[in-house]
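Topology and contacts: notes
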Amino acid sequence: CTWACQNESARERECESNDDDGCGTTPLDIQRDRPIASVLEQALHHSLAQTNSQDSIDMNGDSVALHVLRYMRFLEYTKPESKLDPHTDGTKRCDDTGHTSTHTMLLYLTDCEEGGQTVLLRQCNASTTSDNIIHATVPRRGRILLFPHRTPHEGATVVDVPKICLRAEVYVGME
């Protein structure tokens, strides 16, 4: 898959290239291993069914396609006090399917007893006060978080390291 947009925050790009800040990304292109994306799709469908959240992506009663695109990356926070400033995610276009991602999926691979929440915000440039927070997800191994790319969010300061998650690009829309 190729980058369709270079809209990722400067902080996230900085995070990829600067190991001194305690976080980093490892790209994972599963071009030859589509089963990984298929397993994640199954897990996502199962998770949505368990929480009765399928209505939240209903498109006027029409069937909704949900595809995990093959481009993914590991996000690793290895130093205490690591964080990711408020931002929105850019889209990625997958050449083999023609789909452009619409949502971000985080699969948490470690628990964080303290800190490290993914905080969904009402506004990107506002302070992180309770009236600007939509939801804060505590990292728990196996937990999946799915949200639209345009949703402002931040990675809260990590206290309990390491925080590791798999970030995947998801297409939600009409087939």
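**Details of the nonpolar core**
- Residues Leu40, Leu44, Leu66, Val68, Met72, Met105 and Val170 are the most contacted members of the largest nonpolar core, which totals 13 residues.
- In this structure, leucine 44 is in contact with Leu66, Met105, Ile144, Leu146 and Val170, ignoring residues within four places of it in sequence.
- Of all hydrophobic cores here, the second largest spans 10 residues; its members include Leu120, Leu145, Val158 and Cys165.

**Side note on the packing of aromatic side chains**
- For the coordinates displayed, the defined rule picks out 0 aromatic pairs.
- Here lysine 163 stacks its cationic end above the ring of tyrosine 77, 4.8 Å away from the centre of that ring.

**Observations regarding the side chain of threonine 104**
- With respect to the element layout, threonine 104 can be found in strand E6 (residues 103-108).
- Classification of threonine 104 as buried rests on a relative accessible area of 1%.
- Here the side chain of threonine 104 touches histidine 149 through a polar contact of 2.9 Å, side chain to side chain.
- A distance of 3.3 Å separates a polar atom in the side chain of threonine 104 from a polar atom in the side chain of arginine 167.
- When residues no more than four places from it in sequence are discounted, the contact partners of threonine 104 are Asp89, Leu145, Leu146, Phe147, His149, Arg167 and Ala168.

Cut-offs applied
- Residues numbered from 1 in each chain as written.
- Predicted model: local features only at pLDDT ≥ 70, side-chain atom pairs only at ≥ 80, totals over all residues.
- Heavy atoms only, no water.
- Core = buried A, V, L, I, M, F, W, Y, C linked by side-chain atoms within 4.5 Å.
- Buried < 20%, exposed > 50% of the residue type's maximum accessible area, 1.4 Å probe, protein only.
- Contact = heavy atoms within 4.5 Å.
- Phe/Tyr/Trp six-rings, centres within 6.5 Å; stacked < 30°, edge-to-face > 60°.
- Lys NZ or Arg CZ within 6 Å of the ring centre and 35° of its normal.
- Helix = DSSP H or I, 4+ residues; strand = E, 2+ residues; numbered from the N terminus.
- Polar contact = N/O pair within 3.5 Å; in protein donor to acceptor, adjacent residues only side chain to side chain.

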